[in-house]
Amino acid sequence: MTFDDIIARFDSLYVNQVPHETKNEWLCRLEAQLRDQIVQYYQIPAPETPEFAGVYPYDEIYIQYLAMKCAERNGDTVRYNNAHAAFISAY
């Protein structure tokens, strides 16, 4: 799975006008935060593998994160709150 796969899946589920590059940047930021949290929590060196930190069954966090960020960008508070709750649940 790549960020391109995640973005394609998200785009098939949610109609949006956010550019692919912006969604990729958001996912890169999320991935860096997840890796930092793993390192801090487990006190281990940062993983050097290209695998995602949010692997199955936690991979839904990427879709929910994109939904949350798109709603935030559009100023849609109701959708943002719903997406945030779904993100937290998946996290």
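Keep in mind the model is a prediction, meaning the values are calculated, not measured. (Residues numbered from 1 in each chain as written. Predicted model: local features only at pLDDT ≥ 70, side-chain atom pairs only at ≥ 80, totals over all residues. Heavy atoms only, no water.)

A word on the nonpolar core. In terms of nonpolar packing, the biggest core is built from 20 residues, with I6, L27, Y62 and L66 touching the most fellow members. Of all the elements in the fold, those that place two or more residues in this core are α1 (3-13), α2 (20-42), α3 (60-74) and α4 (77-90). Counting residues per element, this core draws most heavily on α3, at eight residues. Those residues in contact with L66, other than ones at most four positions away along the chain, are I6, I7, F10, K23, W26 and L27. (Core = buried A, V, L, I, M, F, W, Y, C linked by side-chain atoms within 4.5 Å. Buried < 20%, exposed > 50% of the residue type's maximum accessible area, 1.4 Å probe, protein only. Helix = DSSP H or I, 4+ residues; strand = E, 2+ residues; numbered from the N terminus. Contact = heavy atoms within 4.5 Å.)

Bringing α3 into the picture now. Taking 1.5 Å per residue as the helical rise, α3 with its 15 residues ought to reach 21 Å, and the 22 Å between its terminal C-alpha atoms agrees with that figure. Taken across its 15 residues, α3 has 11 buried, putting it largely inside the fold. Taken as a whole, α3 has its buried residues at I61, Y62, I63, Q64, Y65, L66, A67, M68, K69, C70 and A71. Against the buried residues of α3 lie α1, α2 and α4. Phi for G75, located one or two positions after α3, is positive at around 70°. (Expected span 1.5 Å × (residues − 1).)

Where α1 meets α2, the closest approach of the two axes is 10 Å, and the angle between their N-to-C directions is 120°. With respect to α2, the element α1 is oriented oblique. The two elements α1 and α2 cross, and the hand of that crossing is right-handed. On α2, the residues that touch F3, D4, I6, I7, F10 and D11 of α1 are H20, K23, N24, L27, C28 and E31. Of the residues belonging to the contact of α1 with α2, the class tally is six nonpolar, two polar and four charged. (Axes fitted to C-alpha atoms, helices over the stretch in contact; angles between N-to-C directions. Parallel < 35°, antiparallel > 145°, perpendicular 65-115°, else oblique. Left-handed = near helix turned anticlockwise from the far one by under 90°. Nonpolar A, V, L, I, M, F, W, Y, C, P; charged D, E, K, R; others polar.)

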